Amino acid sequence: MQENVVMTFHEKFRQYDLGEGHPYRGDRFLNAINFFREQGLLSLPQLKVIEPKPASKEDLLMVHDESYVDLIFRLASEGRPYDIETPVSPQILEAALLIVGGAIECGKAVYDERAKRAISLGGGFHHAGRDYGGGFCLFNDIAVLVEHLRHERNVKRFLILDYDVHFGNGTSDIYYRDSSVLFISLHQDPRTLYPGKGFTWEIGEGYGEGFNVNVPLPPGTGDSTYLYALREIFVPLAEEFQPEIIIANGGSDPHFADMLGDLSLTAKGFFALSNLIRETAKKLCDGKLIMLVGSGYNPKILPLCWYALAAGAVGLEEINAKEPYAAPIEPPFCRKKVEGVIDELKGLLKKRWKCFR
Ligand SMILES: [Zn+2]
């Protein structure tokens, strides 16, 4: 039997448009949806696209400080930016609340058993912390989803896999002292990319020590080394942690042709990544998986990569992943460097995790 999958999408997501010349434009959502339709994804009987309702202020307050939420609402009404790269307007705020609402809707769909897995299109605003935004992000929808499931569904163990090219500093900060959330982030070496954090030795503090796992990857890292890192770190940690649900966030920015990052994944790599996450969820947590897919800054490859991610989550056996550009060859030093990062991480984490002893 086919397992049902829910995808959240709203026409008004397009209002999350940070302006002419900004890498984050609002046409990404409809471009992706149209590509999904062309590829036949939207005609699959097991996939249901639903419109989310906007998140409420109470939803945001499960994660964010009230003074910060009030600040964003005030900036929106005045049409002033949060920072130089994160503009705010009534339209952007409306779209942001709908995207956060999408994450909550995905949580409801999976826990009401309307779907085995869910995809929050446009989600994954991982640079927003409790009392700050930035990096194009206003509200951390990943954390709002976690807190919704904790409070409404009594979920106690969450695994967040952040495969965005950038380190998810907001999510990491929110759960840095929390052992109920295992946060694993694969990202480009922070010495070479925003936000300049996310080193191996940042492993969490207090009760959260060992539950923040950063895997920095050198520029140029391609599919096979990336998947090797996932199998060495994500899979054994997930097996030992035994999450009740896996939440994964990212988008197309680790692709080799993305403008902001320098990792070298291909669309096939995204498909393999998504398959590995789905299979891990199937093995460990009755298949419960929510993917938040929103990042990516090359409009030529974004729909293809989002499609590869969505197709993996749906469970398609293969995809037609024709790249518009030739993929580069991984520089020979990448694998050695990543092996070094993995050895170092296992050493740092072995006190907490048997799988690394
Ligand atoms: Zn990113």
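A quick note: this is a predicted structure, and the numbers were derived from the prediction, not measured.

Participant: Looking at this structure, how should I read the overall build of the chain?
Facilitator: Along its length, the chain carries 10 helices and 8 strands. For the chain, whose C-alpha radius of gyration is 19 Å, the value lies close to the compact-globule estimate of 21 Å for 357 residues. Out of the 357 residues in the chain, the part that is buried amounts to 62%. Here the analysis covers contacts within the chain between residues at least 6 apart in sequence; of these, 77% occur between residues at least 24 apart.

Participant: What should I look at first to understand the nonpolar core in this one?
Facilitator: Nonpolar side chains in soluble globular proteins generally cluster together in the buried interior. Among the nonpolar cores identified, the biggest contains 131 residues, and Y16, F36, F139 and I184 are the most heavily contacted of them. A total of 14 residues in this core trace back to one element, the largest contributor, which is helix α4 (residues 90–111). With residues up to four places along the chain from it excluded, the contact list for Y16 reads Y24, R25, G26, F29, I92, A95, A96, I99, F125, F136, C137 and L138.

Participant: Explanation requested: the coordination of the zinc ion in the structure shown.
Facilitator: Note on metal sites: the ideal angle is 109.5 degrees for four tetrahedral donors, and 90 or 180 degrees for six octahedral donors. Taken together, D164 (OD), D164 (OD), H166 (ND1) and D253 (OD) make up the full set of protein donors to the zinc ion, lying 1.9 to 2.7 Å away. Around the zinc ion sit 4 donor atoms; with metal-centred angles ranging over 53 to 150°, the donor geometry is irregular. Site description for the zinc ion: donor spacing in sequence, D-x1-H-x86-D. Of this pair, H166 sits in the loop between β4 (158–162) and α6 (169–174) while D253 sits in the loop between β7 (245–251) and α8 (267–284), and the two are 87 residues apart along the sequence. The buried category is assigned to H166, whose relative accessible area is 7%. Since its relative accessible area comes to 0%, D253 is described here as buried.

Participant: Honestly, empty space enclosed by the protein in this entry has me stumped. Any pointers?
Facilitator: Gaps between atoms show up when a probe of the same size as a water molecule is rolled over them. All told, the structure shown has 1 cavity of 30 Å³ or more when counted by the stated rule. Around the largest cavity, the lining residues are F9, H10, E11, F13, R14, F29 and L30. Its residues assigned to classes, the lining of the largest cavity comprises 4 nonpolar, 1 polar and 2 charged.

Participant: Please clarify how the packing of helix α3 (residues 66–78) against α4 should be interpreted in this entry.
Facilitator: Relative placement of two packed helices is described by the angle separating their axes and the distance separating the axes. Two elements in contact, α3 and α4, have axes separated by 7 Å at closest approach and are oriented at 140°. Put simply, α3 runs oblique to α4. Only P90, L93 and L97 of α4 make contact with α3, whose side of the interface consists of I72, F73 and A76. Across the contact of α3 with α4, the residue classes tally to 6 nonpolar, no polar and no charged.

Participant: Can you walk me through the environment of A238 in this structure?
Facilitator: Tracing the sequence through the fold places A238 in helix α7 (residues 223–241). Take A238: its relative accessible area is 0%, and that puts it in the buried class. When the C-alpha positions of A238 and C285 are compared, they lie 9.9 Å apart, and in sequence the two are 47 residues distant. Residue contacts for A238: discarding those within four places in its chain leaves L159, P243, T280 and L284.

Analysis parameters
Residue numbering note: each chain is counted from 1, following its sequence as written. Local features are withheld for residues below a pLDDT of 70 in this predicted model, meaning they are given only at 70 or higher, and side-chain atom pairs are given and counted only at 80 or more; totals for whole chains, interfaces and linings count all residues. Side-chain numbers here rest on the full set of heavy atoms in the structure, without hydrogens or water. The helix and strand labels rest on DSSP assignments: H or I over at least four residues marks a helix, E over at least two residues marks a strand, and numbering proceeds from the N terminus. C-alpha atoms define the radius of gyration, and 2.2 Å times the number of residues to the power 0.38 defines the globule rule. Each residue's exposure class comes from its accessible area (1.4 Å probe, protein chains only) as a fraction of the maximum for that residue type: buried when under 20%, exposed when over 50%, partly exposed otherwise. By definition in these notes, contact holds between two residues if any of their heavy atoms fall within 4.5 Å. For our purposes a nonpolar core is just a set of buried Ala, Val, Leu, Ile, Met, Phe, Trp, Tyr and Cys residues, chained together by side-chain atoms within 4.5 Å. A donor here means an N, O or S atom no more than 2.8 Å from the metal, or no more than 3.2 Å when the metal is Na, K or Ca. Since water is not included, a site may seem to lack partners. Geometry is assigned from donor-metal-donor angles: four donors are tetrahedral when every angle falls between 85 and 135 degrees, four are square planar and six octahedral when opposite donors sit over 155 degrees apart with all other angles between 65 and 115, and any other arrangement is irregular. The method works on a 1 Å grid over the protein atoms by themselves. A cavity is a set of points holding a 1.4 Å probe that cannot get out, a pocket is an open set with protein on both sides within 12 Å along at least five of seven lines, and residues with an atom within 4 Å of a point line them. Grid points are joined across faces, edges and corners, and a volume is the space filled by probe spheres set on the points. We call Asp, Glu, Lys and Arg charged. Ala, Val, Leu, Ile, Met, Phe, Trp, Tyr, Cys and Pro are nonpolar, and the rest, Gly among them, are polar. Every axis in this analysis is a line fitted to C-alpha atoms, fitted for helices over the stretch in contact. Angles between the N-to-C directions lie between 0 and 180 degrees. Working definition: roughly parallel below 35 degrees, roughly antiparallel above 145 degrees, roughly perpendicular at 65 to 115 degrees, and oblique for all remaining angles.

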